[in-house]
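# Coordinate analysis (summary)
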Amino acid sequence: MDRWLLPTLREILLQGPGQPETLPELEAGESAWLLATTALADLIRELKQTDGLVLGSVGLDLAAFEGLEAWQFTPDPSSFLALLPAANSEVQACPSAERLHTPSHTIPLLSADPLAAEHFCLVLSRRLWAVMVLSPSTGESETEFLFSFDPSITQRVWAFLRPRVMLTQPHQLQALDCQVSHLLDQPPSDEPTPVLARFSRLLLRRAATLVAKSRLDLATQALSSVLKRVPVQAEATDLDATDTESAESLPEAELLQALAHEIRTPLATIQTLTRSLLRRKDLAAEVIKRLESIERECTDQINRFSLIFRAVELQDTPAPKRPLHLSAVSLSEVLQQSIPHWQQQASRRNLTLSVSMPQELLMVVSDPQMLSQALTGLVDRFTRSLPGGSHIRVQADLAGKQLKLQLQARLTAQTTRHEASPLRALGHLLMLQPETGSVSLSLGVTKALFRALGGKLKVREQDATQGETLTIFLPLGGD
């Protein structure tokens, strides 16, 4: 036979009555699993559940569910015979309430059992029934994360797990049956919807912590490795393309590409979780506001590290593996899509931003997607270097056979008294702002990026009332 007679746990959850919650288009299943099960353990502690059961797979951190008796299903058949009762042992009777807090039990799974390939968690307690499943990708379906607090679904899952105990550990079945029956006789008084709302709040708290950790701790640790490999520059230098393409920069480039990938992965998971929650219709306005803030922050950081990854990739010698493909681009469309986001970036840092451009801008020659990312990255770098209260003016004009896009800052009388924190060079490719811990591309790499985009970036220092003036020249093209 090609498959077991018993279905997978995912299939059990998707069979009616009741339907589980799902997180579609999940990019990092393991990260989502850890995040959600940690939030579930937080919910158990919040509800002060000190009696009950947790049944889970090897991928579940049972130690996090303190207070609950743990039963772990393991695909390791070597423990099968070791866990069989002695010949003269008796079948266990129903335990008393005082015996609920016993060491964890192990239930071996047969090698062909499809349950061995799934991560799962079933919680049964006085105030909470919950189930979570992370199913692997197969030829028929992608990786999928499902969860539910619906009593009908959790009872269905128990009916699915019980035959495994009967098959491999029959001597433990009576004791487990007694405990489960004791809990199933009294369903939780809380409705699934309020419990789901509490779980969502705890999930957001964990997600926000992971965002901060991804941005600060992981970046700091990885960048410390950069500092150990590459000498720190005393001041930011304007590097030529030949400098950034030197053999000396290759270890740094490889490390930054790995760093960008490691940071984007958990952020993409949090972004997917947040977008899934935002699709719910029963969220309070304050919850929606916080979710939108988390989603926006994740998107900004994903885009930033995607830009870093691509810019570093373009430093490859003798030629990039994935060169940019230049074509006619409507700069007007690019600006119209980007300006609202730039204004949000400025507003979050207590800055103002205004735009002046002709009613109709001609076509320019560049890479459409990368041009938008590069401009947004440049605006982000620009805004982070300015003190609060500053004003940024973005102006677009024709300059012969080129289009000129200029970013200029004007400081107020109050902000001129406080100098903006200077950026610190981290090797050849990155700059660090010490006060905020934010990372951006170095000026030399940024100039090389705009050259690859068919344009040119110029930087000019101004007087005490103004910061840098950034000017981008792009060649005209198209009709």
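Before any of the text, the structure's been laid out above.
Reference entry: report on the structure contained in this document. (Residues numbered from 1 in each chain as written. Predicted model: local features only at pLDDT ≥ 70, side-chain atom pairs only at ≥ 80, totals over all residues. Heavy atoms only, no water.)

Another aspect to go through is the overall build of the protein. Counting its regular elements, the protein contains 12 helices and 17 strands. Buried residues in the protein amount to 48% of all 479 residues. Of the contacts made within the protein by residues no fewer than 6 positions apart, 73% connect residues no fewer than 24 positions apart. When the accessible surface of the protein is totalled, it reaches about 23,400 Å², and 52% of it is carbon and sulfur. (Helix = DSSP H or I, 4+ residues; strand = E, 2+ residues; numbered from the N terminus. Buried < 20%, exposed > 50% of the residue type's maximum accessible area, 1.4 Å probe, protein only. Contact = heavy atoms within 4.5 Å. Areas by Shrake-Rupley, 256 points an atom, 1.4 Å probe, with all protein chains shown as cover.)

On to the pattern of salt bridges. Throughout the structure, instances matching the rule amount to 12 salt bridges. Glu286 is the salt-bridge partner of Arg290, the closest N and O atoms lying 3.3 Å from each other. Of this pair, Arg290 and Glu286 both sit in helix H9 (residues 285–313), 4 residues apart, which is roughly one turn of the helix. The partly exposed category is assigned to Glu286, whose relative accessible area is 42%. (Salt bridge = Lys/Arg side-chain N within 4 Å of Asp/Glu carboxyl O.)

Scanning the model with the defined rule gives 6 aromatic pairs in all. Ring geometry for Trp33 versus Phe145: centroids 6.4 Å apart, planes at 75°, classification edge-to-face. Highlighted residues: Trp33 in helix H2 (residues 29–46) and Phe145 in strand S7 (residues 144–148), separated in sequence by 112 residues. With respect to burial, Trp33 and Phe145 carry one shared label: buried. (Phe/Tyr/Trp six-rings, centres within 6.5 Å; stacked < 30°, edge-to-face > 60°.)

Most often, soluble globular proteins have nonpolar side chains that are buried together. Membership of the largest hydrophobic core comes to 91 residues, with the highest contact counts inside it found for Leu40, Phe65, Val123, Leu128, Phe149 and Phe199. Ranked by the residues each element gives to this core, the list is headed by H9, at 9 residues. Here Phe65 is in contact with Thr37, Leu40, Ala41, Ile44, Val54, Leu60, Cys121 and Val123, once residues within four sequence places are set aside. Leu53, Leu122, Trp129 and Val165 belong to the second largest nonpolar core, which has 27 residues in total. (Core = buried A, V, L, I, M, F, W, Y, C linked by side-chain atoms within 4.5 Å.)

Let us now look at helix H10 (residues 331–348). Spanning 18 residues, H10 covers 25 Å between terminal C-alpha atoms, matching the ideal 26 Å at 1.5 Å per step. Of all the bends in H10, the greatest reaches close to 35° and is centred on Ser338; the proline Pro340 follows between one and four positions later. Within the span of H10, buried status applies to Leu331, Ser332, Val334, Leu335, Ser338, Ile339, Trp342, Gln345 and Ala346. Where H10 ends, the next residue or the one after it, Asn350, has phi of about 60°, a positive value. (Expected span 1.5 Å × (residues − 1). Bend = angle between axes of the 7 residues up to and from the residue.)

By the secondary structure assignment, Glu69 is in strand S3 (residues 69–74). On the basis of relative accessible area, Glu69 is assigned to the buried category, the value being 2%. Side-chain polar atoms of Glu69 contact the side chain of Gln179, separated by 3.3 Å. (Polar contact = N/O pair within 3.5 Å; in protein donor to acceptor, adjacent residues only side chain to side chain.)

Strands sit in the order S13-S14-S15 across an open sheet of 3 strands; the sheet is antiparallel. The sheet is open, and its two edges are formed by strand S13 (424–426) and strand S15 (438–441), each paired on a single side. Across this sheet, the average inter-strand angle for adjacent strands is 35°, counted without regard to direction. Pairing geometry for S13 and strand S14 (residues 430–433), over 3 bridges, is antiparallel. Note on S14: the bridge partner recorded for Leu426 is Leu430. (Pairing = 2+ DSSP bridges. Axes fitted to C-alpha atoms, helices over the stretch in contact; angles between N-to-C directions.)

Without other data, these values stay purely geometric and don't point to any function.
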